[in-house]
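Structural features, examined
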Amino acid sequence: MKLLSNFYQVSGEVLTHRFDATAYLVNCGEFSVLIDCGTAEGYEKLIENIKKCGVEPENIKYIFGTHGHYDHVGAAYLFKEKYGTEVFLHEKDVERVESGDGMKTTAELLYGKSFTAFKVDRILKGGENFSFGYINIEVIHTPGHTPGGVCYVLETTGLKVLIAGDTLYGGFSAKIDSNEEDWKKSLDKLCDRQFDLMVIGHSNPTLLGDAQDRLNDARNSFAHYYNPWFKTFKDKYKY
Ligand SMILES: [Fe+2]
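Cut-off values and rules
Residues numbered from 1 in each chain as written. Predicted model: local features only at pLDDT ≥ 70, side-chain atom pairs only at ≥ 80, totals over all residues. Heavy atoms only, no water. Helix = DSSP H or I, 4+ residues; strand = E, 2+ residues; numbered from the N terminus. Buried < 20%, exposed > 50% of the residue type's maximum accessible area, 1.4 Å probe, protein only. Lys, Arg positive; Asp, Glu negative; His and termini not counted. Charge placed at Lys NZ, Arg CZ, Asp CG, Glu CD. Contact = heavy atoms within 4.5 Å. Pairing = 2+ DSSP bridges. Axes fitted to C-alpha atoms, helices over the stretch in contact; angles between N-to-C directions. Core = buried A, V, L, I, M, F, W, Y, C linked by side-chain atoms within 4.5 Å. Salt bridge = Lys/Arg side-chain N within 4 Å of Asp/Glu carboxyl O. pLDDT = per-residue confidence, 0-100. Donors = N, O, S within 2.8 Å, 3.2 Å for Na, K, Ca; no water.

Concerning the overall build of the protein
Along its length, the protein carries 8 helices and 12 strands. Considering only C-alpha atoms, the protein reaches an extent of 45 × 40 × 30 Å along its principal axes. Across the 239 residues that make up the protein, the buried fraction comes to 58%. Distance between charge centroids for the protein: 2 Å, based on 27 positive and 34 negative side chains.

A few points about the environment of Cys-37
Examined against the element boundaries, Cys-37 turns out to sit in the loop between strand S4 (32–35) and helix H1 (43–52). Using a relative accessible area of 1% as the deciding quantity, one classes Cys-37 as buried. Counting along the chain gives 25 residues from Cys-37 to Gly-12, while the straight-line C-alpha distance between them is 9.3 Å. Among all residues touching Cys-37, those that are not within four sequence positions of it are Ala-23, Leu-46, Ile-63, His-72, Val-73, Ala-75, Ala-76 and Phe-79.

Here's the deal with unusual backbone geometry
We note that Thr-157 has phi near 45°; this positive angle belongs to a residue other than glycine. Following the sequence through the fold, Thr-157 ends up in the loop between strand S10 (150–156) and strand S11 (159–163). The phi dihedral of Asp-177 falls on the positive side, at around 65°, and the residue is not glycine. Within the secondary structure layout, Asp-177 lies in the loop between S11 and helix H6 (180–191).

Examining the sheet that holds strand S3 (residues 23–27)
In space, the 7 strands of this open sheet follow the order S1-S2-S3-S4-S5-S6-S7, with mixed pairing throughout. In this open sheet, the two edge strands, each paired with only one partner strand, are strand S1 (2–4) and strand S7 (122–124). The average undirected angle you get between the axes of adjacent strands in this sheet is 25°. Bridging between strand S6 (residues 86–90) and S7 involves 3 bridges; their strand directions are parallel. By the bridge assignment for S7, His-90 is matched with Leu-124.

Section: the nonpolar core
Within the largest apolar cluster, 31 residues are counted, with the highest numbers of intra-cluster contacts made by Val-10, Leu-25, Leu-34, Cys-37, Ile-50, Phe-79 and Phe-118. Filtering out sequence-adjacent residues up to four positions away, Phe-79 remains in contact with Leu-34, Cys-37, Tyr-43, Leu-46, Ile-47, Ile-50, Ile-60, Ile-63, Gly-84 and Thr-85. Counting 25 residues, the second largest nonpolar core, distinct from the first, contains Phe-64, Leu-124, Phe-130 and Tyr-152.

Topic: the pattern of salt bridges
Across all of its chains, the model carries 11 salt bridges by this definition. One salt bridge connects Lys-119 with Glu-98, and the closest N-O pair in it is separated by 3.6 Å. Of the two residues, Lys-119 is situated in the loop between helix H5 (107–111) and S7 and Glu-98 in helix H4 (residues 94–98); the sequence distance between them amounts to 21 residues. Owing to a relative accessible area of 54%, Lys-119 belongs among the exposed residues under this scheme. Across the salt bridge formed by Arg-219 and Asp-188, the nearest N and O atoms sit 3.3 Å from each other. Note that Arg-219 is positioned in helix H7 (residues 211–221) and Asp-188 in helix H6, a separation of 31 residues in sequence. The class of Arg-219 is partly exposed, set by a relative accessible area of 31%.

Points about the confidence of the model for the protein
For the protein, per-residue confidence averages 92 on the pLDDT scale, and residues scoring 70 or more make up 94% of the total. Taken as a whole, residues 230–234 scores under 50 in pLDDT and shows 8 contacts with residues more than four places along the chain or in a different chain.

Notes on the coordination of the iron ion
Put simply, the ideal angle at a metal is 109.5 degrees for four donors in tetrahedral geometry and 90 or 180 degrees for six donors in octahedral geometry. Looking at the iron ion, the protein donor atoms are His-67 (NE2), His-69 (ND1), His-145 (NE2) and Asp-166 (OD), and they sit 2.2 Å from it. For the iron ion, the single-chain donor residues occur in sequence as H-x1-H-x75-H-x20-D. Separated by 99 residues along the polypeptide, His-67 in the loop between strand S5 (60–64) and helix H2 (70–73) and Asp-166 in the loop between S11 and H6 bring together distant segments of the chain. Judged by its relative accessible area of 2%, His-67 falls in the buried class. We classify Asp-166 as buried; its relative accessible area is 7%.

With respect to the sheet that holds strand S9 (residues 135–141)
Reading across the sheet, the 5 strands line up as S8-S9-S10-S11-S12 and stay open at both edges, with mixed pairing between neighbours. One side of each edge strand has no neighbouring strand; the edge strands of this open sheet are strand S8 (129–132) and strand S12 (197–199). The sheet shows a mean angle of 20° between the axes of neighbouring strands, taken without regard to direction.

Pasting the structure below:
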């Protein structure tokens, strides 16, 4: 579904499969990129959705992973095998996807599936900027949900769109190496920035226009009751 002129949501619970996190297609002109790509279960529908956006899947040059979880990058091996797509991921989540760790990728932990390991082509550290024609993608390292979690800032048509992945509203568990102090610092980092729009890792196709308020509320409510997202906050915002 089209969100901006060259920015589409192509995966998610209602668009592809109930396992799938959100994935976004960015049409850069000469080629396209995906930000996350969902699971193998949703892959066929994802391909259909990409085609509906006027993009052939072989024209997808890169997948930017927000973190090494099954629901976000489980289908990456299929893109690599079929289309030679290169996968970008933060260095601290590389080991879990390259070893196919069923727990740390959540594949077995949450979905009862095995994770098909794949090689990461470009290792991110945070702070990188990728300029593709009229598009810019900035990498912000935001550990907490996982050690290698990142947010991407997409700049297009004069707007800065925060692609937050699971840094907003993701689950907290020692089994996936979540870290409360790191997560708080990551939220501080995001609160210090300005974004025009935001999208999150699990939602129906939606552009959120109140990124600053939501980020500030998230930082203030984070880890109350050791439930990452304070109950009244969840009641206040329904997704
Ligand atoms: Fe996650």
